[in-house]
Amino acid sequence: MAAQRKPNLILFLPDQQRADTLACYGGVKVHAPNLNKLASESVIFERTYVTHPVCTPSRSSLMTGTWPHINGCTHNSVPLDRRFRVFPELMQDQDYRTAYIGKWHLGRPEKYLPTSRGFDEYFGIPYSNDMTPRVLMHNTEVIEPTADLDTLTGKYTENAVRFISQSKAAPFFLYMPHTFPHIPLGASTRFRGKSGIGLYGDVVQEVDWSVGEVMKA
């Protein structure tokens, strides 16, 4: 009997998205068919908690399975200590191809970037989009000294689809923590002004489109 192939895994994490913007959580403000479809086909959690209310500490817990006061990331922009192994490294041990596309915020020097922490590839902003300089990186190279927020979600999506296309021969893990809808907001001309509730709605609709494109891929 042939060995069962390991499943491909994708983790989406929009930054600061309110649950009440989605119909699956009782909201009706934003048309988000792809996110609502994922919810209808799976499980909705109505009581979930994070280990900290700001970015770096909560992301350090997600990466390590430890509390911020244990791993040392007790406030924003503290690099995640390399003594703590992160779960993508364990996935690489199991022959997964791994990619990180989006916001990192666990250390800017090269030894702390995703490509040094269990990810074969990285594309994104190394911290919050309200910080300067707001660079866009591919692996360890800065490709935009100031990232264009209006085109950011589209670029994330393009790179995610490419990674999936190139990972057919092996199981893959794609972690996609979207920069948006953390402020300042940006949306492409295709979505700007289309939600009817302002730029925030436009941004969420573009993130929803992105989720749909990745799931189709």
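In what follows, the structure referred to is the one given above.
Residues numbered from 1 in each chain as written. Predicted model: local features only at pLDDT ≥ 70, side-chain atom pairs only at ≥ 80, totals over all residues. Heavy atoms only, no water.

1. Quick look at the layout of surface pockets
- Quantified by volume, the largest pocket comes out at close to 1400 Å³.
- The wall of the largest pocket is formed by 33 residues, among which Phe12, Leu13, Pro14, Tyr25 and Thr48 lie closest to the centre.
- Counting residues per element, the ones that place at least two in the lining of the largest pocket are β1 (9–12), α1 (33–40) and α2 (55–64).
- When residues of the lining of the largest pocket are assigned to their parent elements, the largest contribution, five residues, is made by α2.
- Tallied by class, the residues present in the lining of the largest pocket amount to 22 nonpolar, eight polar and three charged. (1 Å grid on protein atoms, 1.4 Å probe; cavity = no way out; pocket = protein on both sides within 12 Å on 5 of 7 lines; lining within 4 Å. Points joined across faces, edges and corners; volume = space filled by probe spheres on them. Helix = DSSP H or I, 4+ residues; strand = E, 2+ residues; numbered from the N terminus. Nonpolar A, V, L, I, M, F, W, Y, C, P; charged D, E, K, R; others polar.)

2. Some points on the nonpolar core
- Ranked by internal contacts, the top residues of the largest apolar core, which has 43 residues, are Met63, Trp104, Tyr156, Leu174 and Met176.
- Listing elements by their share of this core, those giving two or more residues are β2 (97–101), β3 (121–124), β4 (136–138), α5 (149–165), β6 (172–176) and α6 (199–216).
- At six residues, the largest contribution of residues to this core is made by α5.
- Excluding residues that lie within four positions of it along the chain, Tyr156 makes contacts with Ile101, Gly102, Lys103, Phe123, Gly124, Ile125, Leu136, Met176, His178 and Thr179. (Core = buried A, V, L, I, M, F, W, Y, C linked by side-chain atoms within 4.5 Å. Buried < 20%, exposed > 50% of the residue type's maximum accessible area, 1.4 Å probe, protein only. Contact = heavy atoms within 4.5 Å.)

3. Topic: α2
- Most of α2 sits inside the fold, with nine of its 10 residues counted as buried.
- Among all positions in α2, only Cys55, Thr56, Pro57, Ser58, Arg59, Ser60, Ser61, Met63 and Thr64 are buried.
- Packing partners of the buried residues in α2 comprise α3 (68–71), α4 (87–93), β2 and β6.
- The positive-phi residue at the C-terminal boundary of α2 is Gly65, with phi of around 75 degrees.

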